[in-house]
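Here is what each chain is made of, one letter per residue.
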Amino acid sequence: MTLQIVRIPPPVPWHVRSYRQARQSFCDQLAHMRRRWYLYLPVFAIWALAYVRLFLDPTPRLPIVFNWTPSLPYRVAYRVTWTQAAPPTLHRGDYILFAFAGDAQQHYPGLRGQPFFKMVRGLPGDTITVQDRMVLINGESVGHAKAQTFDHRGLDPIQPTLIPPGSYYVQGSSPDSFDSRYRSSGLVRAEQVIGLVRPLF
């Protein structure tokens, strides 16, 4: 009877095993994406558009506006543009799209120039007053200013003032809307307005 010595290979260290498993998983996912490229292409296109809108050029180029926030009850609207040389006169109740330029962009740089969809509630010459964080325009309540943001930063209500020429108080219909009731958002100047918006649904 002959005895054979069987040499057992040493165990693969855990970090090498984990690396191999991760590499194999990545290769499997890559192969799946190559086979199903038509499913992933729209996702990558949306990501690319979101990146461009957030970091390169936030100005919307299409006439259709999509609203993903509960600030207003409308999800899709049509944008009417105009030249800065001859902008139309805005009226109370008009819906507008404007480029954000409030003080909040100091804490949230991604807000800089982002398009906001709101309703015009205050016009030049209107009087803004604040009573216990309740904001009023010409004595009529237009919303309560919350004390802090979702990430617990303090929020101050807008300063009582007379709306100057070329500026507008804008508002969302949701109590959580980030609009002119807050100092860090503020009034919207005429040059920030991108266009009138006609809600579709």
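Nothing here was measured: the structure is a model prediction, and the numbers come from that model.

Visitor: I'd like to hear about the overall build of the protein, residue by residue, with values.
Guide: Each helix and strand counted, the protein has two helices and 11 strands in total. Along the protein, helices and strands appear, N-terminal first, in the series α-α-β-β-β-β-β-β-β-β-β-β-β. The buried share of the protein, taken over its 201 residues, is 33%. Across the protein, contacts joining residues at least 24 apart in sequence account for 61% of those joining residues at least 6 apart. Just so you have it, the protein exposes about 13600 Å², and 61% of that area is on carbon and sulfur atoms.

Visitor: Could you give me a rundown of the pattern of salt bridges, with the residues and numbers involved?
Guide: With the rule as written, the count across this model stands at six salt bridges. Salt-bridge contacts for Asp176 lead to Lys146; the nearest nitrogen and oxygen are separated by 2.9 Å. Highlighted residues: Asp176 in the loop between strand 9 (167–171) and strand 10 (188–189) and Lys146 in the loop between strand 7 (140–144) and strand 8 (161–162), separated in sequence by 30 residues. Among the residues examined, Asp176 registers a relative accessible area of 53% and is labelled exposed. With relative accessibility at 34%, the residue Lys146 sits in the partly exposed group.

Visitor: Can you lay out unusual backbone geometry for me, pointing to particular residues and giving the numbers?
Guide: Phi at Asp132 takes a positive value of approximately 50 degrees, unusual for a residue other than glycine. Tracing the backbone shows Asp132 in the loop between strand 5 (127–131) and strand 6 (134–137). The exposure class assigned to Asp132 is exposed, which follows from its relative accessible area of 74%. Although it is not a glycine, His152 sits at a positive phi angle of roughly 70 degrees. Among the structural elements, His152 can be located in the loop between strand 7 and strand 8. A relative accessible area of 60% places His152 in the exposed class.

Visitor: Run through the environment of Val120, naming residues and quoting values.
Guide: Among the structural elements, Val120 can be located in strand 4 (residues 115–122). A relative accessible area of 0% places Val120 in the buried class. Sequence separation between Val120 and Tyr168 is 48 residues; the distance between their C-alpha atoms is 6.6 Å. Here Val120 is in contact with Leu90, His91, Arg92, Gly93, Asp94, Ile96, Tyr168 and Tyr169, once residues within four sequence places are set aside.

Visitor: Go over the side chain of Arg181 with me, naming the residues and quoting the values.
Guide: Within the element layout of this structure, Arg181 appears in the loop between strand 9 and strand 10. At a separation of 3.1 Å, a polar atom in the side chain of Arg181 contacts the main-chain carbonyl oxygen of His144. Of the polar contacts made by the side chain of Arg181, one reaches the backbone oxygen of Pro175; its length is 3.4 Å. If we ignore the near neighbours within four places in the chain, the residues touching Arg181 are Val135, Gly143, His144, Ala145, Asp156, Pro157, Ile158, Tyr169, Gly172, Ser174 and Pro175.

Visitor: Explain the sheet that holds strand 5 to me, using residue names and the numbers behind them.
Guide: Pairing within the open sheet is antiparallel, and its four strands lie in the order 7-6-5-8. Of all strands in the sheet, those bounded by a partner on one side alone are strand 7 and strand 8. Pairing analysis gives four bridges linking strand 6 to strand 7, with the strands arranged antiparallel. Across the sheet, residue Val135 finds its bridge partner in strand 7, namely Gly143.

Visitor: Quick rundown of the nonpolar core? Include the residues and the values.
Guide: Ranked by internal contacts, the top residues of the largest apolar core, which has 13 residues, are Leu90, Ile96, Phe98 and Val120. Elements with a contribution of two residues or more to this core: strand 3 (95–99), strand 4, strand 9 and strand 11 (193–199). One finds Leu72, Phe117, Met119 and Ile194 within the second-largest nonpolar core, a separate group that totals nine residues.

Visitor: Could you give an account of the pairing of strand 11, naming the residues involved and the relevant values?
Guide: With five of seven residues buried, strand 11 lies mostly within the body of the structure. Sheet topology note: the strand 2 (residues 76–81)/strand 11 ladder contains five bridges and is antiparallel. Along strand 11, the bridge assignment pairs Ala77 with Pro199. Looking at chain direction, strand 3 and strand 11 are connected through three bridges and run antiparallel. Across the sheet, residue Phe98 finds its bridge partner in strand 11, namely Val193.

Scoring rules and cut-offs
- Residues numbered from 1 in each chain as written.
- Predicted model: local features only at pLDDT ≥ 70, side-chain atom pairs only at ≥ 80, totals over all residues.
- Heavy atoms only, no water.
- Helix = DSSP H or I, 4+ residues; strand = E, 2+ residues; numbered from the N terminus.
- Buried < 20%, exposed > 50% of the residue type's maximum accessible area, 1.4 Å probe, protein only.
- Contact = heavy atoms within 4.5 Å.
- Areas by Shrake-Rupley, 256 points an atom, 1.4 Å probe, with all protein chains shown as cover.
- Salt bridge = Lys/Arg side-chain N within 4 Å of Asp/Glu carboxyl O.
- Polar contact = N/O pair within 3.5 Å; in protein donor to acceptor, adjacent residues only side chain to side chain.
- Pairing = 2+ DSSP bridges.
- Core = buried A, V, L, I, M, F, W, Y, C linked by side-chain atoms within 4.5 Å.

Read these as spatial facts, not as claims about activity.
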